[in-house]
Amino acid sequence: MRRAEHYASPMLHPRPFYYLENFCMALAWLRQRCGDLLNETEHAFIARFHELPRESAALLVRMIGRKGDLFRASKLGYSEIGCPSDAAAALIELGWVDREPPAQADWWPDPSDVIYRLMIRPLCDRLRLVFFGNFRQDWSQFVLADLGIFKYEKVPCDPATRAFHTREHIDTFHALFLCSQQLEESDDIEGLLRMLPPPVADNEWLEDRRRKLQFRIAQCCERQGDLVLALQIYRECGYAGARLRVVRLLERLERIAEALQLAARIREQPADEVETQQVCRMWPRLQRKAGLIPQRSRPPHGWSTFKLVLPLDQRPACLEQATAQALSQAEAPVHYVENGLINSLFGLLCWEAIFAPIAGAFFHEFQAAPADLHAPAFHGRRAAQFAQCFAQLESDGYRDTIRRNFEQKTGIQSRFVFWNVISEALLRSALDCLPREHLAACFGRILANIRSNACGLPDLVQFWPAQRRYRLIEVKGPGDRLQDNQIRWLSFCVAHGIPVSVCQVSW
DNA sequence: TCATTCTTCG
DNA sequence: TTCACACTTTCGC
DNA sequence: GAAAGTGTGTCTCGAAGAATGAGT
Ligand SMILES: [Mn+2]
Ligand SMILES: [Mn+2]
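Rules and cut-offs
- Residues numbered from 1 in each chain as written.
- Chains lettered and ligands numbered in written order.
- Predicted model: local features only at pLDDT ≥ 70, side-chain atom pairs only at ≥ 80, totals over all residues.
- Heavy atoms only, no water.
- Donors = N, O, S within 2.8 Å, 3.2 Å for Na, K, Ca; no water.
- Near = heavy atom within 4 Å.
- Polar contact = N/O pair within 3.5 Å; in protein donor to acceptor, adjacent residues only side chain to side chain.
- Helix = DSSP H or I, 4+ residues; strand = E, 2+ residues; numbered from the N terminus.
- Nonpolar A, V, L, I, M, F, W, Y, C, P; charged D, E, K, R; others polar.
- Domains from an automatic or database assignment.
- Contact = heavy atoms within 4.5 Å.
- Buried area = accessible area lost by both parts, 1.4 Å probe.
- Salt bridge = Lys/Arg side-chain N within 4 Å of Asp/Glu carboxyl O.
- Pairing = 2+ DSSP bridges.
- Axes fitted to C-alpha atoms, helices over the stretch in contact; angles between N-to-C directions.
- Buried < 20%, exposed > 50% of the residue type's maximum accessible area, 1.4 Å probe, protein only.

The protein atoms that coordinate the manganese ion (ligand 2) are Asp-459 (OD), Glu-474 (OE) and Val-475 (O), at distances spanning 2.0 to 2.3 Å. Binding-site remark: the manganese ion (ligand 2) is held by donors from one chain whose sequence spacing is D-x14-E-V.

Here the focus is the protein's contact with DNA strand D. Close to DNA strand D lie 16 residues, the nearest being Arg-223, Arg-245, Arg-281, Arg-285 and Arg-481. Those atoms of DNA strand D that come within 4 Å of the protein belong to sugar or phosphate at a rate of 80%. At a separation of 3.0 Å, a phosphate oxygen of DNA strand D approaches a polar side-chain atom of Arg-248. At a separation of 2.5 Å, a base nitrogen of DNA strand D approaches a polar side-chain atom of Arg-481. Sorting the residues of the surface near DNA strand D by element identifies α10 (204-224), α12 (242-252) and α14 (273-289) as the ones contributing at least two each. Take the surface near DNA strand D: its biggest share by element is three residues, from α14. Taken together, the residues of the surface near DNA strand D sort by class into four nonpolar, one polar and 11 charged.

As a further point, take the domain arrangement of chain A. Here chain A is described as being made up of domain 1 (4-150), domain 2 (167-289) and domain 3 (304-506). The C-alpha centroid of domain 3 is placed 31 Å from the C-alpha centroid of domain 2. Facing seven residues of domain 2, the contacting portion of domain 3 comprises seven residues. Among the residues domain 2 hides against domain 3, the three largest losses belong to Glu-204, Glu-273 and Gln-277. Together they make up 60% of the total. Inspection of the domain 2/domain 3 interface yields two salt bridges. For Asp-484, the salt bridge goes to Arg-281, with nearest N and O atoms at 2.9 Å. Along the contact surface separating domain 2 from domain 3 lie four residue pairs in polar contact (both at pLDDT 80 or more). Elements with a minimum of two residues in the side of domain 2 that touches domain 3: α10 and α14. Examining the composition of the side of domain 2 that touches domain 3, we find that five residues originate from one element, α14, more than from any other. Residue composition of the side of domain 2 that touches domain 3, by class: one nonpolar, two polar and four charged.

With respect to the element layout, Glu-320 can be found in helix α15 (residues 319-327). For Glu-320, the contacting residues outside a window of four places in its chain are Tyr-336, Asp-459, Leu-460 and Val-475.

The next subject is the sheet that holds strand β3 (residues 115-118). Spatial strand order, β1-β3-β2: three strands in an open sheet with antiparallel pairing. Only two strands of the sheet have a single partner each, and these edge strands are β1 (70-72) and β2 (97-99). The sheet shows a mean angle of 30° between the axes of neighbouring strands, direction not considered. Against the sheet, helix α3 (residues 54-65) makes contact with β1, β2 and β3, and its axis sits at roughly 75° relative to β3, the strand it touches most.

Here we come to the sheet that holds strand β6 (residues 460-464). Taking strand neighbours across the sheet as the criterion, the five strands line up as β4-β8-β7-β6-β5 in an open arrangement whose pairing is mixed. The open sheet terminates on both sides in strands that have one partner only, identified here as β4 (304-309) and β5 (334-336). With direction set aside, neighbouring strand axes in the sheet form an average angle of 30°.

Another aspect to go through is the coordination of the manganese ion (ligand 1). At 1.8 to 2.0 Å from the manganese ion (ligand 1) lie its protein donor atoms, namely Glu-338 (OE) and Asp-459 (OD). A separation of 3.6 Å is found between the manganese ion (ligand 1) and the manganese ion (ligand 2), both of which receive a donor from Asp-459. Of the two residues, Glu-338 is situated in the loop between β5 and α16 (340-349) and Asp-459 in the loop between α23 (450-453) and β6; the sequence distance between them amounts to 121 residues. The exposure class of Glu-338 is partly exposed, given its relative accessible area of 32%. Judged by relative accessible area, which is 2%, Asp-459 ranks as buried.

Lining the immediate surroundings of DNA strand C are 17 residues, of which Asn-339, Gly-456, Gly-479, Asn-485 and Gln-486 lie closest. What you see for DNA strand C is that sugar and phosphate hold 86% of its atoms within 4 Å of the protein. In this structure, Lys-212 approaches DNA strand C through a side-chain N or O atom, which is 3.1 Å from a phosphate oxygen. With respect to DNA strand C, the backbone of Gly-456 contributes an N or O atom lying 3.0 Å from a phosphate oxygen. At the level of elements, α8 (167-185), β7 (469-476) and α24 (484-495) are the ones that each hand at least two residues to the surface near DNA strand C. Its residues assigned to classes, the surface near DNA strand C shows two nonpolar, seven polar and eight charged.

Encoded structure:
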């Protein structure tokens, strides 16, 4: 690493200030597309930044790219910048960087060493949020994409599109983020509720995030044992799972009649499969508590179960992998793919639909999915494109599309395609063994509710290429039980004639 | 002192 | 930083 | 059996330098 004693060494890098160039590109993007969203401080920052000497600007960007806010001068040696204290002078002048008091420096063995503190981290984080639309990505995306480490689909996008449309939305997102961080470390429900922003009328995905956070606050309240307050929060909360929590809390509060009444309403008009599944589990219990005769028990599940005993000596780190090996046969190999296979097939077949240049869906060049992926209108906005993809399943057309996209899009980030799981051979086996009716059924289920149906698929897939046959296998070790989303997929498979079984592994 | 983990860079 | 999954514990019948 | 709670890996690469910390 280039450290202080080396900063005078020759610059070998072809673009020694690449990170500064990238940061400037981002600032230009922000000024052009989001100028109306930025406040005075942010505008002033951008204006002043461009007036800085190059070395000072570069040092600031280096600091922004690093972790924490405190830096020893001796650790800020960059060959392209040169002397850090020279470069820091202009930054200190602006108040963006501060020299830490010497008392702090006493800790360090070298008293001549200076400590700098970056003062504008919150401002930089806000700019990062406005650019990316999330806090997950950072400026290193630029260089990683340049180097081809991350590849992203090139989607033509309207220069008017951006992550946020109003300043209020930016501030709300930030407030939600802070509140959710607070939830991690604090149990003060009153305080958390005060931090929670009010409902967002004009932004669906922000309102979704708000509701989910409200739900999590209620869960926290429930854990603390304040059932009455939790009930009140759940009742106010529009989050998908909140109705069921209301039933559960009424039950725990021994208000059985009310619980039964709401449960009956949910049974009549379930919002989704999850509600149906959970309310069916609560129903007999509530009836019993109400003194009613429990209705007939649930019909038995339709999937088969078999046992497998692994030798005690080979007790590997990964149970699924070991099971795959044990079940594998020369003519019938087993692969540990979990959600990776079906989702990848879906993502490859529907690539054009997923990355269709719909207005507002793509705004920067580092997206692995459209911004509205989880919006209820996602499918509707691309109905024609998806219909075209699904139509290919009526003939053999889908095979070429999947294989072609596997070749042409290799490595390009997509929310659906697990490049580390699939291979050409796996794809060939899958296309040979999975009938198109099964693919159509699974893809339809994923598209119907991406958030809840893109996961929960069985651990293993076994192919019999010679017989053009396959089966899915969910592995369960001792003490591991089927989860709700796994049960829903198993039931779905049974209903559509997709061969699936559960393998109970022991030693 | 060595091994492990964290951080940085591109 | 988020989420899906496994693994563990507790409860009530 | 059902429910709730906890833990873990992984979103994101690999190479290489620094820091950490347990053990001597
Ligand atoms: Mn699994
Ligand atoms: Mn499993």
